[in-house]
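Residue-level structural notes
Chain by chain, the residues:
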Amino acid sequence: MSGGVDSSVAAALLVEQGHDVIGLSMQLYDVSAGTNGERSFGSCCTIDDLHDARRVAAAIRIPHYILNFERQFHEQVVSNFVGEYAAGRTPLPCAHCNSDLKFATLLDRAQGFGAEAVATGHYARVERTGVGGRYQLRRGVDPSKDQSYFLFALTQEQLARAVFPVGDRPKNAVREYAHQRQLPVASKPDSQEICFIPDHDYAGFVTRHSPEAAASGGAIVDESGHVLGHHAGIHRFTVGQRKGLGLASSPIGAPMYVLSLKPDNHEVVVGPKASLERTRLTASGVNWVEGAPAAPRRACVQIRHRHQPAAATVRATGDGRAEVVFDAPQIAVTPGQAAVFYDGDVVLGGGWIDN
C-alpha cells in the first residue's frame, strides 16, 4: 500500500471479495530527514503517504504494517539508477523496483505473515493458462494506464503469487470505486515522476550521489568526430535528447539530437533526427515469461513506456540475450531502457537494451 488510490482500491476490492488482507507499506528512505539531508527525497512512500495508507487500512478494517526497506531500496534501485546514468545508459528504476523489491524482497517478507500472494495497484493482469498451468502476464484493460511494461522481469514463481485487482478496469472506474467506498485517498492525484526524484532533476541527483560523475566532462562531437562543444558529464544526456545540449547553434541548420553516449572517452555524439533511426537492437538479462522460443518469434516490441509497440522478429540468442529486428526503423533505441515483447496483450518477455 503506497498511499495512493490504486493500491488502496486494490486492498478494498480484495476485502470485499472475502480475502484475508494485510496492508504492507514500504519505507524506502529516512522519512525524517531524507537522504543526504534531502527532505523532499521522494514523492511516493513519503511519511504522508504512509499515513494515508494507514488511514485506508483503518477504513477497510485490515491490519497495517510499515516495513523498512531503506537498505534494499538503495542497493537495488537507487544505486542502479546512479550507476547506469554514470555509465551512459538511461535506467528504468520502476522495473527494478517491481522485480527486485516488490515481488522478491517484499514477497519473502509477506510470506512471513503467512500470506499466499502479494497484491499491488498495478494496471496489469495475470492469468493461468490451460497448457501446463503456466502463468501469463497481460496488459491492463486501460491502455492509457497499462503498466505491464514495468513488470516484464517477473518470473513464473513471482507471477504465481502476484495479484493485480485493478488491472481489469479503467482508471475512472477505480477512482469512482474509491469515492463510493469513501476511501480517504479517493481524490488524491497520481504521482507522475520517478518517486525518489520529485523535482525531475536526474542529473543533479546523480551528481549528489556520485560526485565523480560530475568530474567526468568531455566533448560533444558530430558523427564524424568533429568537436562541437563540451559538456559537464554524460549523465546529463540520454539518447534522443534535443534540448539542453549546450550548443550555441546547430552546424547543420536543423535541430541536433543525442545519437549515442561513449562512456569510455566521455563523448556525447549528436546529429540529425534521421540518424536516430535503428532497425535492430540487442538485449541482455532477458526474461521469457513462459519460456524462450526455440525459433525466431514475431512480436510487437515496446522500447519505452510510452512507445507505440512496433512489429519485429525476436530471436533468443542464449545466455539471457536476444536480438530484435524491426520491420521499420525506430527512433531513439536507448541503452538501459527495456525492450518488452508482446503478442497482442500478452507479455512474451523482455530485457535490457544494450545497443
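Criteria and cut-off values
- Chains are numbered independently. Their residues run from 1 in the order of the written sequence.
- pLDDT decides what is reported in this predicted model: residues at 70 or higher carry local features, side-chain atom pairs at 80 or more are listed and counted, and totals for whole chains, interfaces and linings draw on all residues regardless.
- Processing note: side-chain calculations cover all non-hydrogen atoms of the structure and skip hydrogens and water entirely.
- Note that bend, as reported per residue, equals the angle between axes fitted to the 7 residues terminating at that residue and the 7 residues originating from it.
- Under the DSSP-based scheme used, a helix requires at least four consecutive residues in state H or I and a strand at least two consecutive residues in state E, with every element numbered from the N terminus.
- When a residue's accessible area, from a 1.4 Å probe over protein chains only, is under 20% of the maximum for its type it is buried; when over 50% it is exposed; and in between it is partly exposed.
- What pLDDT expresses is the predictor's confidence in each residue, scored from 0 to 100.
- Throughout, a residue-residue contact means that at least one pair of heavy atoms, one from each residue, lies within 4.5 Å.
- Put simply, a patch holds well-exposed residues, over 30% relative accessible area, that have no salt bridge, with like charges counted together within 9 Å and Val, Leu, Ile, Met, Phe, Trp or Tyr side chains within 5 Å.
- Every accessible area reported is derived by Shrake-Rupley at a probe size of 1.4 Å, with residue values counting cover from the shown protein chains alone.
- Basic side-chain nitrogens of Lys or Arg form a salt bridge, by our definition, when they fall within 4 Å of a carboxyl oxygen of Asp or Glu.
- A helix is expected to reach a length of 1.5 Å times the quantity of its residues less one.
- The pairing criterion for strands is at least two bridges between them, as found by DSSP.
- Between N-to-C directions, angles span 0 to 180 degrees; the directions come from axes that are lines fitted to C-alpha atoms, helices contributing only their stretch in contact.

In the structure, helix H3 (residues 70-86) departs most strongly from a straight axis at Val 78, where the bend amounts to approximately 30 degrees. Of the residues making up H3, those classed as buried are Gln 72, Phe 73, Val 77, Val 78, Phe 81, Val 82, Glu 84 and Tyr 85. Remark: Gly 88 follows H3 within two positions and exhibits a positive phi of approximately 85 degrees.

So, about the confidence of the model for the chain. Detailed reading of predicted coordinates is not advised where the pLDDT is low. Averaged over all residues, the pLDDT of the chain equals 91, while 95% of them reach at least 70. When the criterion is pLDDT under 50, residues 34-40 qualifies, and its contacts beyond four places in sequence or with other chains add up to 14 contacts.

Attention shifts here to a nonpolar patch on the surface. Residues Ile 22, Tyr 65 and Phe 113 make up a contiguous nonpolar surface patch of roughly 240 Å² in combined accessible area. Residue placement: Ile 22 occurs in the loop between helix H1 (5-16) and strand S1 (23-27).

Per the counting criterion, the structure on display carries 22 salt bridges. The partner of Glu 127 in a salt bridge is Arg 125, with the nearest N and O atoms 4.0 Å apart. Between Arg 280 and Glu 323 there is a salt bridge, with its nearest N and O atoms 3.0 Å apart. Linking Arg 280 in strand S11 (residues 277-288) with Glu 323 in strand S14 (residues 321-331), this pair joins segments that are 43 residues apart in sequence. For Arg 280, a relative accessible area of 45% corresponds to the partly exposed category. Via salt bridges that share partners, Asp 6, Lys 145, Lys 171, Arg 175 and Asp 190 belong to a single interconnected network.

Moving on: H1. Counted at 1.5 Å a residue, the expected span for H1 with its 12 residues is 16 Å, and the 16 Å between its end C-alpha atoms agrees. Those residues of H1 that fall on the buried side of the exposure criterion are Val 5, Asp 6, Ser 7, Ser 8, Val 9, Ala 10, Ala 11, Ala 12, Leu 13 and Leu 14. Phi turns positive one or two residues past the end of H1, at Gly 18, with a value near 95 degrees.

Turning our attention to the environment of Ala 311. Tracing the backbone shows Ala 311 in strand S13 (residues 310-318). Residues Ala 311 and Ile 353, spaced 42 residues apart in sequence, show a C-alpha to C-alpha distance of 17 Å. Here Ala 311 is in contact with Arg 298, Ala 299, Cys 300, Phe 326 and Asp 327, once residues within four sequence places are set aside.

Moving on: the sheet that holds strand S9 (residues 257-262). What the four strands build is an open sheet, ordered S8-S7-S10-S9; its pairing is mixed. Since the sheet does not close on itself, it has two edges, and those belong to strand S8 (227-231) and S9, each with one partner. On average, each strand axis in the sheet is tilted by 25 degrees relative to the strand beside it, whichever way the strands run. As judged from the five bridges shared by S9 and strand S10 (residues 267-271), these two strands associate in the antiparallel manner. In the strand pairing of S10, Val 258 is matched with Val 270.

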